[in-house]
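# Results of the structural survey
Residues per chain are reported as follows:
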Amino acid sequence: MNAARWHAALRIARREAWRAKGRSLLVIALIGLPIFALAGADIAYRTWQLSPTEKLSRTIGTADAGIRWAGASVQQTPGGYLNYQWTTIGDTHGSRPTTAGLITQLPAGSRVISDDESSQGAQVRTPAGLEYASVFGLDYADPMARGILKRVSGHAPRSVDEAAVTARIAEKADLKIGSTLRLADFGTATDSERTFRVVGIVDDAGSRHAEAVYLDPSALPAPPPSKGQDYVSPGESGWLVDSPGPITWQQVLNLNKLGYVVVSRQAYLHPPPSSEIPFLASSSSIDGQVLSIATLIVGMALLEVVLLAGPAFAVGARRQRRQLAIIASTGGRSSDLRNVVLANGIVLGAAAGVISIVLAVAGMAIGIPTLGSLVDQVPGHFDVRPAELALLVLVAVLTALAAAAFPASAAARTDVVAALAGRRGTLRTRKRVVVLGLVVGAVGAVIAIGGATHSSNGATVILFGVALVELGLIACTPALIGLIARLGRRLPLAPRIALRDAGRNRSAAAPAVAAVMASIIGAMAAILVVASTTDQNRRNYHASLPMNAAWTELDSSGPNVGPQAVVDAMRSTLPVSGLVLVRGPSGSCSFTRPDCVVGQIDFANMYWQERHPSRYTGGYLPSTLVDDGSGLKALFGKPEPAAAAALRAGKAIVVDRAAVGNQGTVHLTGSQAPISSMNGPSAASGSKQVTVPAVVVSDGYPAAQLIVPPSVAAKLGVTPRAIGVFARDTRAPSDREKQALAGKLNAIDPELYYYVESGYHDDRAWMMYGLVGVAAVIAIGAAVIATALADVDGRADLVTLGAVGAAPRTRRVLSLSRAGVIAGIGAVLGTAAGFVPAIAWVRAQRQPAGFGSVYDSGGGGGGTHYSVDTLPAQLHLVVPWLLTVAVLIGIPLLAAALAGAFSRSRLPSERSAE
């Protein structure tokens, strides 16, 4: 086709697009919706993907370098502590360096300010109690620190009694400029409290939810010595450096030998060759699993774009049928007819791409500053990459051409006589096409499910297999529509006409069904993948306590802390339904308490939890408890009268039947020794053995592996001690209640801490519901196109209905039925086919059998065991049935309802049909 013919085809396409504005806008919307989403995702990703300059600004401000004391010789990448790409080598260097000592290692004329962090943080007193916050020593008013923080109000601390706080802490602690900030346990003494006057409110440049306090560097307490040396962990001592010239990579290596981790602006922006970097970190910053999911979703989205636009171009080709016949009758060739339809794809695809890009840029410019506030990480500058967006416009044109290919091929075979006479043409589907479709679909399923587990690039294999499955189903769709159309004989008038029209107009109905199917396949695959990974994460999560329960450790407190005071504090602050002072034969002992005595009680079957992980008791509660039966209701979460009676009778309690021998007894070994003998039971520590009857509690929360009465502990020579306080709550404690508890515990002993079990948090649920919504929008759009096409082709039927006196609502019911037929068939096919990529991905991501850490049981038991802590839960396919039903039934019903709601009720007259 020469240039003149192309020019004519494009003119015809432009004119046809302008004449049929409604259809053109619908095509543009269908092609543009995925392009809009991809463009928005690209802009958002680039905006949140900070540039190297932005990363430096948020970490070291405008300084030439940031330095952290590591305490030992270091190897690092140019990113240093900015990207956590460094490691220590050799022994520690001992003394913490001074600022004056650091300056001697820097170029002459360098200026240095402190950028320190308190390793222990601090507890801020609030109206309700205490709230934890990080504490930094930084003069953020210095030009070198510009960019690390954003000043909200006030000024930076200028003396040791002034402080600035982040807006988050100011809100929680009810602080403002001029308020008094109280930091508990902040200083060298564990019972000290220091007060500061709030002079500034700031925001962290990188995090919206940062909870931090900023002091003058000289106000920070000296870090405590560790392991007998004046050694501190990295991050506690830091500096910002302004040097006369850039800090070179060689200077970075010299500082590494002295125990410093360095972020040099010069080295980071202009990294040295790899041969000069002694420590090479992994170059991949994207998790492989996330990358495979993203590749699969994007690939399926582009495939859906092609199928979505196909029905729209079928509408256009149907409307141009007579025009194309006239072109053919005046000497036009088949290639001319084909390229007229392809020109529609070029015009509408380019329009869709340009409009989508413009809307995406405008939408992100509005959405990132508003909705972006819901994300903790603060985005960088609004980053629009013209080359990447231009590529998306090209993608829109190419996908539009691909979508127009089948209608163009059909247009090239237009029967001129039939088109001019208004006849529909052939209605049959060749059997060999159906057979070929079934074969291609089966091969695609085998490739996707079987090939993904044997390929290093599983996402590509899955995508290729799913594409074959979709193509096979598309080839079979016309025949399936014709088969279903035969069921219309027994239906009422409107559904009967809808099925008959779908059967007669298969060339347009089939792409519409394929579009719905494609959208459902992608959504169902993503829903199944998200549900499966969420289930795996939930099974990998081991709760430390029952849901909403609280635990306060007593072993870490001082020897003079009264357990009853802790009990009263928890009872008065939390919504307690049951509370027990937990006593046990063992607990952790501090090396500062040489008088501490460690008690131990072991029983023979010590590996039962590996065989029965559902009764795994790893958490804050110890594995062995001593109780007289009064605390069982709180421990197990339900009354256990039989177990309480057993304890009063001198029997033991276990939580799994596998731990009890054939005689219904357990063999116990007890020992009690000072801290110097903490290597286990021995004859020297006076170990004793007894055999006692045992009762199994197989329901409720597995509070411990073993519970013994005080009388049995006495026989074993073990003195039980208060280990902690356990409280069951009626609901999740509020922030104010937790702050109140922290305040009361701090008043009792600053070393006391608490933990509240909040359970596994599913942060992916919104993704599944969002995918269902996107699938619904796309499916409804495809159904509306098919309904519009059926209305155009079935205009003569509507005229006939009006002539014989049919009610105006008949047209609305007819439109509803047509949309329901298309969306229903597509939903059934898409839901079934959506399992193929999901199953393939789950199989590809499964770990091989036996994956996990292995250890030898030792002793007399023999054999090898897998540790519950290190053996991950296997990935299984999980089907969220409620969402699946919503996709399978809800989307077709919604599509039909909307099509009926927006269809005209007035039937056309015979005159308007001419």
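How each quantity is defined
- Residues numbered from 1 in each chain as written.
- Predicted model: local features only at pLDDT ≥ 70, side-chain atom pairs only at ≥ 80, totals over all residues.
- Heavy atoms only, no water.
- Helix = DSSP H or I, 4+ residues; strand = E, 2+ residues; numbered from the N terminus.
- Buried < 20%, exposed > 50% of the residue type's maximum accessible area, 1.4 Å probe, protein only.
- Contact = heavy atoms within 4.5 Å.
- Areas by Shrake-Rupley, 256 points an atom, 1.4 Å probe, with all protein chains shown as cover.
- Axes fitted to C-alpha atoms, helices over the stretch in contact; angles between N-to-C directions.
- Parallel < 35°, antiparallel > 145°, perpendicular 65-115°, else oblique.
- Nonpolar A, V, L, I, M, F, W, Y, C, P; charged D, E, K, R; others polar.
- Salt bridge = Lys/Arg side-chain N within 4 Å of Asp/Glu carboxyl O.
- Pairing = 2+ DSSP bridges.
- Phe/Tyr/Trp six-rings, centres within 6.5 Å; stacked < 30°, edge-to-face > 60°.
- pLDDT = per-residue confidence, 0-100.
- Patch = residues over 30% accessible without salt bridge, like charges linked within 9 Å, V, L, I, M, F, W, Y side chains within 5 Å.
- Lys, Arg positive; Asp, Glu negative; His and termini not counted.
- Charge placed at Lys NZ, Arg CZ, Asp CG, Glu CD.
- Expected span 1.5 Å × (residues − 1).
- Bend = angle between axes of the 7 residues up to and from the residue.
- Left-handed = near helix turned anticlockwise from the far one by under 90°.

Before going further, it helps to examine the overall build of the chain. Counting its secondary structure elements, the chain contains 28 helices and 25 strands. Looking at the chain as a whole, 48% of its 914 residues qualify as buried. Here the contacts in the chain between residues at least 6 apart in sequence split such that 82% fall between residues at least 24 apart. Surface exposure of the chain reaches about 42,600 Å², of which carbon and sulfur atoms provide 58%.

Another aspect to go through is the packing of helix H13 (residues 431-451) against helix H26 (residues 835-845). For the pair H13 and H26, the least separation of the axes is 7 Å and the interaxial angle reads 25°. What the angle tells us is that H13 and H26 run roughly parallel. Residues Ala-445, Ala-448 and Ile-449 of H13 pack against Val-836, Ile-839, Ala-840 and Arg-843 of H26. For the contact of H13 with H26, the class distribution of residues is six nonpolar, no polar and one charged.

Moving on, we get to the pattern of salt bridges. Tallied over the entire structure, the rule returns eleven salt bridges. Where Arg-111 meets Asp-142, a salt bridge forms, and the shortest distance between an N and an O atom there is 3.0 Å. Of this pair, Arg-111 sits in strand S4 (residues 111-117) while Asp-142 sits in the loop between strand S6 (130-138) and strand S7 (149-154), placing them 31 residues apart in sequence. Of the charged contacts in the structure, one is a salt bridge between Glu-131 and Lys-172, with a shortest N-O distance of 3.5 Å. A residue pair is termed long-range when its members are at least 10 positions apart, and Glu-131 in strand S6 and Lys-172 in helix H5 (residues 167-172) qualify at 41 residues. Assessed through its relative accessible area of 16%, Glu-131 is described here as buried. Counted as one network, the salt bridges with shared partners bring together Glu-131, Arg-168, Lys-172 and Glu-211.

Attention now moves to the pairing of strand S9 (residues 180-184). Pairing of strand S5 (residues 122-125) with S9, which is carried by two bridges, proceeds in the antiparallel orientation. If you follow Gln-123 over to S9, its bridge partner there is Ala-184. Here five bridges tie S9 to strand S10 (residues 193-204), and the two strands are oriented antiparallel to one another. Looking at S10, one finds that Ala-184 is bridged to Glu-193.

This brings us to the environment of Val-358. With respect to the secondary-structure elements, Val-358 resides in helix H10 (residues 334-370). Along the chain, Val-358 and Ala-39 lie 319 residues apart, while their C-alpha atoms are 9.4 Å from each other.

For Ser-577, the position within the fold is in strand S15 (residues 576-584). Residues Ser-577 and Arg-728, 151 residues apart in the sequence, show an inter-C-alpha distance of 5.6 Å. Ser-577 has contacts with Arg-728, Asp-729 and Thr-730, leaving out every residue within four places of it along the chain.

We now examine unusual backbone geometry. Positioned with a positive phi, Asp-174 is a non-glycine residue whose angle comes to about 55°. The topology assignment puts Asp-174 in the loop between H5 and S9. Exposure remark for Asp-174: the relative accessible area of 60% places this residue in the exposed category.

Overall, the coordinates contain three aromatic pairs when judged by the stated rule. Aromatic side chains Trp-69 and Tyr-260 sit 5.4 Å apart centroid to centroid with 65° between the ring planes, which places their arrangement in the edge-to-face category. Here Tyr-260 lies in strand S13 (residues 260-264) and Trp-69 lies in strand S1 (residues 65-69), a separation of 191 residues in the sequence. Cluster of aromatic residues (ring-pair linked, three or more members): Trp-69, Trp-239 and Tyr-260.

All right, on to the confidence of the model for the chain then. Across the chain, pLDDT averages 77, with 74% of residues at or above 70. Predicted confidence for residues 282-286 stays below pLDDT 50, and this span has two contacts to residues more than four positions away or in other chains. Throughout residues 675-684 the model reports pLDDT below 50, and contacts reaching past four residues in sequence, or to other chains, amount to 13 contacts.

What follows concerns a nonpolar patch on the surface. A cluster of nonpolar residues, Leu-33, Phe-36, Ile-355, Leu-359 and Val-777, forms a patch on the protein surface that exposes about 420 Å² of accessible area. Mapped by element, the contributors of at least two residues to the nonpolar patch are helix H2 (21-48) and H10. Considering the arrangement of structural elements, one finds Ile-355 in helix H10. By relative accessible area, which is 39% here, Ile-355 ends up partly exposed.

On the surface, Arg-11, Arg-14, Arg-15 and Arg-19 cluster together into a positively charged patch. Position of Arg-19 among the secondary structure elements: in helix H1 (residues 3-19). For Arg-19, a relative accessible area of 61% translates into the label exposed.

Okay, H2 next. Residues spaced three or four apart along an α-helix point in a common direction, a consequence of the helix completing one turn every 3.6 residues. Taking 1.5 Å per residue, 28 residues should reach 40 Å; H2 reaches 38 Å between its end C-alpha atoms and fits that length. At Gly-32, H2 is deflected by roughly 35°, the largest bend along its length, and proline Pro-34 occurs up to four residues later in sequence.

Our focus in this paragraph is the side chain of Ser-356. Relative to the assigned elements, Ser-356 resides in helix H10. When residues no more than four places from it in sequence are discounted, the contact partners of Ser-356 are Gly-32, Ile-35 and Phe-36.

This brings us to the packing of helix H17 (residues 563-573) against helix H22 (residues 735-748). With their axes 9 Å apart at the nearest point, H17 and H22 run at an angle of 165° to one another. Taken together, the axes of H17 and H22 are roughly antiparallel relative to one another. Note that H17 runs across H22; the crossing there is right-handed. Contacts between H17 and H22 involve Ala-565, Val-566, Ala-569, Met-570, Ser-572 and Thr-573 on the former and, on the latter, Glu-737, Ala-740, Leu-741, Lys-744, Leu-745 and Ile-748. Here the residues of the contact of H17 with H22 are counted per class, giving eight nonpolar, two polar and two charged.

A few words now on the pairing of S6. Here S4 pairs with S6 via three bridges, running antiparallel. From the neighbouring strand, Glu-117 faces S6, where its bridge partner is Phe-136. As judged from the four bridges shared by S5 and S6, these two strands associate in the antiparallel manner. Bridging from a neighbouring strand, Val-124 pairs with Glu-131 of S6. Where S5 folds back on S6, the antiparallel hairpin that results is connected by four residues. Bridging between S6 and strand S11 (residues 212-215) involves four bridges; their strand directions are parallel.

The subject of this paragraph is the environment of Pro-641. Here Pro-641 lies in helix H20 (residues 641-648). Given a relative accessible area of 60%, Pro-641 falls into the exposed group. Put simply, Pro-641 and Ser-630 are eleven residues apart on the chain and 9.9 Å apart in space, counted from C-alpha to C-alpha.

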